[in-house]
Amino acid sequence: MSRANRTLLLQLVEGKAPVPNDPGLFAVHDIDLRYETGSPWAICLDFVADNVTWVFSLDLLSDARLHPGEWTGLGDVLVRAPKHEEEGYGFILRPPAGVIQLWIRTKDIERFQAKATRLQPQAEKSARRGLARELTKMPAMVNS
């Protein structure tokens, strides 16, 4: 029995908001944060006006929460969980032509992540736990 693909959407209100720790910088929001059960490990940041989508791992949000105040991730997407709730989550995206920095309210991200985690198909969660068990059995590789 297959489950229908479900989508969770967080629409970020369009407007200008001050960027934390830089009172002279403002960010314009016209972005959707999207999760689809058909891709259970991915989150999408959709720049609506530009028809551009950035895709990254749902786990990146969890990793960021483990190290609040530090940037987490490798490559083109970095996420920073706040040390204090009023700061919000930071996102850095690195397109070829520059850098995009976003800030999203903590309560919105945490509510989104909790809902996305509940929507993940149970079979996918089970497969992941099995993979994690197998990886813990592998010997550690040491650079010489």
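Being a predicted model, the structure only gives us computed values, none of them experimental.

Engineer: It is not clear to me how the pattern of salt bridges should be interpreted in this structure. Could you clarify?
Structural biologist: Pairs may arise between side chains of opposite charge once their charged atoms sit close together. As enumerated under the stated definition, the model contains 5 salt bridges in all. In this structure, the salt-bridge partner of Glu 36 is Arg 34, at a minimum N-O distance of 2.9 Å. Among the residues examined, Glu 36 registers a relative accessible area of 25% and is labelled partly exposed. Classification of Arg 34 as buried rests on a relative accessible area of 18%. For Arg 111, the salt bridge goes to Asp 108, with nearest N and O atoms at 3.7 Å. Here Asp 108 and Arg 111 lie together in helix 2 (residues 106-119), a separation of 3 residues that amounts to about one turn. Relative accessible area serves as the criterion here: at 10%, Asp 108 is assigned to the buried category. Look at the salt bridges and you will find they share partners, linking Arg 34, Glu 36 and Asp 46 into a network.

Engineer: Would you mind showing me how to read the environment of Gly 38 here?
Structural biologist: Within the fold, Gly 38 resides in the loop between strand 4 (31-36) and strand 5 (42-47). Its relative accessible area of 55% is what places Gly 38 among the exposed residues. Separated by 31 residues in sequence, Gly 38 and Thr 7 place their C-alpha atoms 8.6 Å apart.

Engineer: What is the right way to read the sheet that holds strand 8 (residues 77-80) from this model?
Structural biologist: The strands that make up a sheet are held in pairs by hydrogen bonds between backbone atoms, and each pair lies either parallel or antiparallel. Strand order across the open sheet formed by 4 strands is 7-8-9-10, with antiparallel pairing between neighbours. For this open sheet the edge positions go to strand 7 (71-72) and strand 10 (100-104), each flanked by a neighbour on one side alone. Of the pairings in the sheet, the one linking strand 8 to strand 9 (residues 89-93) comprises 4 bridges and is antiparallel in character. Its bridge partner being in strand 9, Leu 78 is matched across the sheet by Ile 92. Contacting strand 7, strand 8 and strand 9, helix 1 (residues 59-66) crosses the sheet at an angle of about 40° to strand 8.

Engineer: How should I be thinking about the packing of helix 1 against helix 2 in this particular structure?
Structural biologist: Helices that pack against each other are described as a pair by the angle of their axes relative to one another and the distance between those axes. Interhelical geometry of helix 1 versus helix 2 gives an angle of 130° and a closest axis separation of 10 Å. With respect to helix 2, the axis of helix 1 lies oblique. Considering the relative orientation of helix 1 and helix 2, their crossing is left-handed. Residues Leu 61, Ser 62 and Arg 65 of helix 1 pack against Ile 109, Glu 110 and Gln 113 of helix 2. In the contact of helix 1 with helix 2, the residues fall into 2 nonpolar, 2 polar and 2 charged.

Parameters at a glance
Residues numbered from 1 in each chain as written. Predicted model: local features only at pLDDT ≥ 70, side-chain atom pairs only at ≥ 80, totals over all residues. Heavy atoms only, no water. Salt bridge = Lys/Arg side-chain N within 4 Å of Asp/Glu carboxyl O. Buried < 20%, exposed > 50% of the residue type's maximum accessible area, 1.4 Å probe, protein only. Helix = DSSP H or I, 4+ residues; strand = E, 2+ residues; numbered from the N terminus. Pairing = 2+ DSSP bridges. Contact = heavy atoms within 4.5 Å. Axes fitted to C-alpha atoms, helices over the stretch in contact; angles between N-to-C directions. Parallel < 35°, antiparallel > 145°, perpendicular 65-115°, else oblique. Left-handed = near helix turned anticlockwise from the far one by under 90°. Nonpolar A, V, L, I, M, F, W, Y, C, P; charged D, E, K, R; others polar.

Read these as spatial facts, not as claims about activity.
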